[in-house]
2 protein chains.
Amino acid sequence: MAPPPEEVAVESISSYGVARSTVAGEPLNAEDLRKIDAYFRASMYLCLGMLYLRENPLLKQPLTKEHLKARLLGHWGSDAGQAFTWMHFNRLIKKYELDALFISGPGHGAPAILSQSYMEGVYSEVYPDKSEDEDGMKRFFKQFSFPGGIGSHATPETPGSIHEGGELGYSISHAFGSVFDHPNLISLTMVGDGEAETGPLATSWHTRISHTELEALFIGYGWTPYFVEGSDMPSMHQAMAATLENYRPEELFDKQGKLIPELKELAPVGNARMSANPVGNDFRKYALADIVPGVSNLPSMSNMAGFLRDIVAKNMTNFRVFGPDETESNKLGKVYEAGKKVWMGEYFEEDTDGGNLAMEGRVMEMLSEHTCEGWMEGYILSGRHGILNSYEPFIHVIDSMVNQHCKWIEKCLEVPWRVQTASLNILLTATVWRQDHNGFTHQDPGFLDVVANKSPEVVRIYLPPDGNCLLSVTAHCLSSVNYVNVIVADKQDHLQFLGMDEAIEHCTKGLGIWNWASNDQGEDPDVVMATCGDVPTHESLAATALLRELVPSLKVRFVNVVDLFKLIDHEDHPHGITDREWTAIFTDNRPVIFNFHSYPWLIHRLTYKRPGQKNIHVRGYKEKGNIDTPLELAIRNQTDRFTKIEAFENGIDPENIRKWVWPYSKTA
Amino acid sequence: MAPPPEEVAVESISSYGVARSTVAGEPLNAEDLRKIDAYFRASMYLCLGMLYLRENPLLKQPLTKEHLKARLLGHWGSDAGQAFTWMHFNRLIKKYELDALFISGPGHGAPAILSQSYMEGVYSEVYPDKSEDEDGMKRFFKQFSFPGGIGSHATPETPGSIHEGGELGYSISHAFGSVFDHPNLISLTMVGDGEAETGPLATSWHTRISHTELEALFIGYGWTPYFVEGSDMPSMHQAMAATLENYRPEELFDKQGKLIPELKELAPVGNARMSANPVGNDFRKYALADIVPGVSNLPSMSNMAGFLRDIVAKNMTNFRVFGPDETESNKLGKVYEAGKKVWMGEYFEEDTDGGNLAMEGRVMEMLSEHTCEGWMEGYILSGRHGILNSYEPFIHVIDSMVNQHCKWIEKCLEVPWRVQTASLNILLTATVWRQDHNGFTHQDPGFLDVVANKSPEVVRIYLPPDGNCLLSVTAHCLSSVNYVNVIVADKQDHLQFLGMDEAIEHCTKGLGIWNWASNDQGEDPDVVMATCGDVPTHESLAATALLRELVPSLKVRFVNVVDLFKLIDHEDHPHGITDREWTAIFTDNRPVIFNFHSYPWLIHRLTYKRPGQKNIHVRGYKEKGNIDTPLELAIRNQTDRFTKIEAFENGIDPENIRKWVWPYSKTA
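All figures in this text were calculated on a predicted structure; none of them were measured in a lab. All chains use their own residue numbering, which begins from 1 and follows the written sequence. Here the convention is simple: chains get letters from A, ligands get numbers from 1, in the order in which they are written. At least 70 in pLDDT is required for a residue's local features to be given in this predicted model, at least 80 for side-chain atom pairs to be given and counted, and no such filter applies to totals for whole chains, interfaces and linings, which use all residues. Each side-chain value is derived from all of the structure's non-hydrogen atoms; neither hydrogens nor water enter the calculation.

## Examining the sheet that holds strand S14 (residues 527-532) of chain B
Residue and element names in this part refer to chain B.
Okay, step 1: The mixed open sheet is built from five strands, whose spatial order is S13-S15-S14-S16-S17. The strands lining the two open edges of the sheet, one partner per strand, are strand S13 (511-513) and strand S17 (616-619). On average, each strand axis in the sheet is inclined to that of its neighbour by 20°, with strand direction left out of account.
Okay, step 2: Between any two strands, at least two bridges found by DSSP are needed for them to pair. Only DSSP runs of H or I with at least four residues qualify as helices, and only runs of E with at least two residues qualify as strands; both kinds are numbered from the N terminus onward. Bridging between S14 and strand S15 (residues 556-561) involves five bridges; their strand directions are parallel. Considered in S15, the bridge of Met529 is made with Phe558.
Okay, step 3: By definition, residues are in contact when any of their heavy atoms lie within 4.5 Å. Lines fitted to C-alpha atoms define the axes here, with helix axes fitted over just the stretch in contact, and angles between the N-to-C directions of these axes take values from 0 to 180 degrees. Sheet strands touched by helix H17 (residues 534-550): S14, S15 and strand S16 (592-596). Its angle to S14, the strand with the most contacts, is close to 160°.

So, in structure tokens, the structure goes:
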């Protein structure tokens, strides 16, 4: 028996003065309804199949664990609405012979699009192996968000798509562009709730605006607009004075004009703003202990979150954590134990978010890197402290804002009466090397190039190789002033290398030889294996271990760089080292195989004119990616352990290895 | 006699269900009114003084031309509203002892802030030479937006400012950040109309949203929202079907479902989309003729605009010009002769914009780089052509969008059934070297670094040195497919160097020796003067002329690079040259003094491992800037003609010059 129908709202907004559109009650007869519901269920079944199944596509056998994908990707929640909209529009396309395009805004909602395309037959026409039969369906299911397959957005491989939606924000403007000069084209566009919070999307609604709409817009934004308009000055002054009186300050201030006690006690005591350095407590106590270098596999990021949590707890009026809805995903969820997520709106039962919402919370989230960055800039420039955590690829969204903040603080250094402000700390994770599920759109480590263009006086970049280094670097950044600090760190479980004391020493130096991974003690090395970044360090250590096992006579020196600007000449950046220091670490005549987190040419640029510079061979991300496993991605970009010892392809011959690592040296 | 008072609107929006606030009619008595009006006039006088006067601050002498600034900068239009708001809030600050901060959003509106600060005495306290007397006022006026002085935004030098506003978009989020955990602080914030169109600003209004507000928001955006809500599937299907019927297609389509003729004729004929290449006409006829190299001073950009105008005229259904409200400022106004600016809203008398507005226009403007870029992406991905013109510094606003488009077209190259689409063409002007009035925030050529990180298959960067090269490069870009093309060119009058045929030959090669500027014919040069970018070419030619005049025996070779990726090895980019070609142009053992438009290290990165690479000395923008004249800016960054011959500081001694240009060569 069907449940009683719930109330269905279908109405325009007559209360705002827009003509009410009368909706014809039931355009579908019973047979239409039966068919369209079945069509919907078919589409939803295909979506589920893509998300879950690698075998047994029609569930002809009893479902077993082996039929399921090991890793579940794609968003179920953004599928139903899209499929529903698409198929209902299909009815109109047929009825009126329309020319229509679908633009899919919600993230990771490709199953909806793919299922509709498959049901329409287009998918099988374009990809004959994804045929409309059981075998084809199996392949169709398996390829979804699977290594070597297709992404979870409407990627270029998706028939009919002109909009991937991997980075949120562009669906409405793309839709507008597609219909300009296409008067017979309808671009049916879905906007997800996350996308609706982004700056590019928010502004793309604005095509024209009347006074009436302007009023409604501000009410929509949650504000009460007052209009003071005219050109007669006396009445304008009266009007402005009267309007400002409207704030009803008598409810907030007492007769003497003081803030009422209830509000007053929310304020920090005294002139406590800058003096209350948030890093009062010792980060050493959060150390990952008993590390076995290269063996211990522990979560660097969630460990550091314990440190952040206690900073929040001790600084409840002058420290906040900012981020575009990724704090939990970025493994920083522990901070909620001290300060919840700020929520100022209505509460519904389903909105409690695990009990993590509170008006007086400390974690500021909105799916707009712009707004998070802007909040944090305003917060620190007015005397407080904070950290922004964000996915690495999408920090490019605020390249320009960060540029401008760098320029601001550089000029402040020249203004003697300006007080110092806390550094702007940006923690980047969900890095390029761990985007096996999100794919190519989520692979972009180029923010470091943007930052490196700014003045050496104001920018700092740190790539801690493991958990204790991440702690040390974070503590340093939070206690610094007048910088933009960028920290790049993997959020997954990761190999650990250094104990706490070693990590502090290493991070304080900014770079150094790891003797425990080297075998050149007291001698000139045959080759220097240099690294910067946690995942590249992991791969290079593996390559070093292989080299040392296979060619014990080869003298390998292992170098790790935490503080990127150590590589620059000391005359060009305050953190830079001298050529003499450089030579002591990297030599001036040995091949340096440098494995880097970001685009490789950044290292070439930073090491320009260093002694032996022509012997530096850098591997890094070269814009080669897809739905790849981490190792596949490393191989595509030649940062993997095997490429590093590619000479072995010719047989395990020590002379071959010498030849490979030695081609540029004087004694070759 | 005072004019009759006009109507003054002071009201809340009762029609939207928000409680109406009753405004007390006239809070100011006659004496208050007199004083506050005088205070306002004083503030406005100071604003005018900053904009216009360098002498005679109190107009004690009759005003002469000599008293006026030669170049008028700052925006009068954004001053009055800000001063008005500031001073009226002052009344409340005094009355209720409030703690308030002013955040100035409108661009170039610093005079309002500065005048208020000066009237409050703070400015003179901080800068005693800007004292509250005639001499102080004169200095106060003169420094405004003047070389060596202060900028036209609320720069760090401005007392009380935490928000410069040089790049629009961040005032609301900065204001929010400043009041978090400052319960007694009021951040009084002004948002300009331009800023209100940006993505970052649009999204920063969103702090919370209720269902009622959501309805109002969409009406405010200019849309009519329909809500289809529920969980009972049959009624949901009925509702969705009924809602879609609301589009009343019967008014747009005839009974057979065909578009009505009135609309149909707006469409391009047949499958004309990609086949109608917009560059059907010969760009040669727009040539700047009778060029005297290095002498003719002509406007490259507005000349090219004639070419663009005729492309628009011949492609009225498949070509558009996009830009963030800068088409006229960027000297492309000629395109309005063919296609006006698109305007879909209400028309007022004052909105005609010189008669350049039309619903069926071809120029798409909105002060949101995001929306312009999104429009253009949607437009070209659906089979049409276009060009985006933008200020160079703020193209960083859409770094991430361009990144994502590069990734999209790269993947499309791997999808065999995808047709080719027109290239995404970005024309950057208002460049770093011509920002004497806008200052430091408007100096950022780093977009090239972001683009250069993308795959060589999809990105192209051109820096035409003069007007005919700009024509040649633009024609090439507009007829290309599947690329992101970036063109960087000055919009001011500029020295011209090449005739049309020479320009075509030079741009086709992408780089080459300019024999007319060299004196090494048939011999090895002593030094190679290399350039990339129009302003740097100008400066290096001047340095070359000085060198040749002062040291005739010195053999100078002059090289210009138009196509930046020519510098890369041919194995790394399809435009790259071989080492042999490289050596024929740059030599492998002579000093190369390379003057570059952007950050210098990009050249080092591109020329990594080229023969003689260690002899390349690159000058470019090094993030050193302020309110500088072009020559001052060049000197600060050592790209000027004089730095290039700095040996002359020791006297005009040919041996000194040889020593300077020759320090690294083998025969030094």
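This is not the end of the story, as more comes after the structure.
## So, the sheet that holds strand S13 (residues 511-513) of chain A
Residues and elements named next belong to chain A.
Okay, step 1: Read from one edge of the open sheet, five strands run S13-S15-S14-S16-S17, paired in mixed fashion. Edge positions in the open sheet fall to S13 and strand S17 (616-619), since each of these has one partner strand only. Going from strand to strand, the sheet's axes swing by 20° on average, the running direction of each strand aside.
Okay, step 2: Bridge analysis of strand S16 (residues 592-596) against S17 gives four bridges, and the strand direction is parallel. Each residue of the ladder has a partner; that of Phe594, found in S17, is Val618.
Okay, step 3: This element, helix H17 (residues 534-550), spans strand S14 (527-532), strand S15 (556-561) and S16 of the sheet and lies at about 160° to S14.
Okay, step 4: Seen against the sheet, helix H18 (residues 579-586) touches S13, S14, S15, S16 and S17 and runs at an angle of roughly 130° to S15.

## Here we look at the domain arrangement of chain A
All names here are of chain A.
Okay, step 1: Per the domain assignment, the segments of chain A are domain 1 (29-204), domain 2 (234-279), domain 3 (293-495) and domain 4 (510-658).
Okay, step 2: Between domain 1 and domain 3, the residue contacts involve 15 residues of the former and 12 residues of the latter.
Okay, step 3: A quick way to say it: buried area is the sum, across both parts, of accessible area lost when two parts are put together, with a 1.4 Å probe. For the pair domain 1 and domain 3, the summed buried surface comes to about 1000 Å²; carbon and sulfur atoms form 54% of the total.
Okay, step 4: For the domain 1 face of the interface with domain 3, the top three residues by lost area are Arg71, Glu167 and Glu197, together amounting to 43%.
Okay, step 5: Under this definition, polar contacts are N or O atom pairs within 3.5 Å; protein pairs additionally need one hydrogen-donor-capable and one acceptor-capable atom, and for neighbouring residues in sequence, both atoms have to be side-chain atoms. Our count for the contact surface shared by domain 1 and domain 3 stands at zero residue pairs in polar contact (both at pLDDT 80 or more).
Okay, step 6: For the side of domain 1 that touches domain 3, the residue count by class is three nonpolar, eight polar and four charged. Source of the domain bounds: an automatic or database domain assignment. Any residue outside Ala, Val, Leu, Ile, Met, Phe, Trp, Tyr, Cys, Pro, Asp, Glu, Lys and Arg is labelled polar, Gly included; the first ten of those are nonpolar and the last four are charged.

## Regarding the nonpolar core
Okay, step 1: Nonpolar cores were defined as sets of buried Ala, Val, Leu, Ile, Met, Phe, Trp, Tyr and Cys residues, with membership established by side-chain atoms within 4.5 Å. Accessibility here uses a 1.4 Å probe with only protein chains present; expressed as a share of the type maximum, an area under 20% marks a residue as buried, one over 50% as exposed, and anything in between as partly exposed. Core analysis: the largest hydrophobic core is formed by 149 residues, its most contacted members being Leu564(A), Phe586(A), Phe594(A), Leu564(B), Phe586(B) and Phe594(B).
Okay, step 2: Every residue in contact with Phe586(B), bar those within four places of it in the chain, is listed here: Leu511(B), Val528(B), Ala530(B), Val559(B), Val561(B), Leu567(B), Val592(B) and Phe594(B).

## What to know about the packing of aromatic side chains
Okay, step 1: Any two rings among Phe, Tyr and Trp, with Trp reduced to its six-membered ring, count as a pair given centres within 6.5 Å; such a pair is stacked if its planes are under 30 degrees apart, edge-to-face if over 60, and tilted if neither. Under the defined criterion, the tally for this structure stands at 38 aromatic pairs over all chains.
Okay, step 2: Relative to Phe307(B), the ring of Phe283(B) lies with its centre 6.3 Å away and its plane at 65°, an arrangement referred to as edge-to-face. Placement of Phe283(B) in the loop between helix H10 (261-264) and strand S3 (297-299) and of Phe307(B) in helix H11 (residues 300-314) is noted, with a sequence separation of 24 residues between them. Across the pair, Phe307(B) and Phe283(B) agree in class, each one buried.
Okay, step 3: Consider the rings of Phe497(B) and Trp516(B), whose centres lie 6.3 Å apart with planes at 25°: the pair is stacked. Taken as a pair, Phe497(B) in the loop between strand S12 (493-495) and helix H16 (500-509) and Trp516(B) in the loop between S13 and S14 lie far apart in primary sequence, 19 residues in all.
Okay, step 4: It is Arg460(A) that lies over the ring of Tyr483(A); its NZ or CZ is 4.0 Å from the centre. Definition used: whenever NZ (Lys) or CZ (Arg) falls within 6 Å of the ring centre and also within 35 degrees of the ring normal, the charge is taken to sit over that ring.

## Points about the environment of Asp232(B)
Okay, step 1: Checked against the element boundaries, Asp232(B) lands in the loop between helix H8 (211-221) and helix H9 (233-245).
Okay, step 2: For the pair Asp232(B) and Val363(B), spaced 131 residues apart in sequence, the C-alpha separation works out to 47 Å.

## Here we look at the environment of Leu51(B)
Residue and element names in this part refer to chain B.
Okay, step 1: Within the fold, Leu51 resides in helix H1 (residues 30-52).
Okay, step 2: For the pair Leu51 and Gly74, spaced 23 residues apart in sequence, the C-alpha separation works out to 6.3 Å.
Okay, step 3: Discounting residues that sit within four places of it in the chain, Leu51 has contacts with Lys69, Leu72, Leu73, Gly74, His75, Trp76, Asp79, Pro111 and Phe144.

## Overview of unusual backbone geometry
Okay, step 1: Even without being a glycine, His108(A) presents a positive backbone phi close to 60°.
Okay, step 2: Relative to the assigned elements, His108(A) resides in the loop between strand S1 (99-104) and helix H3 (110-120).
Okay, step 3: The backbone of Ala430(B) shows a phi angle near 50°, a positive value even though the residue is not glycine.
Okay, step 4: Checked against the element boundaries, Ala430(B) lands in the loop between strand S9 (424-429) and helix H14 (447-452).

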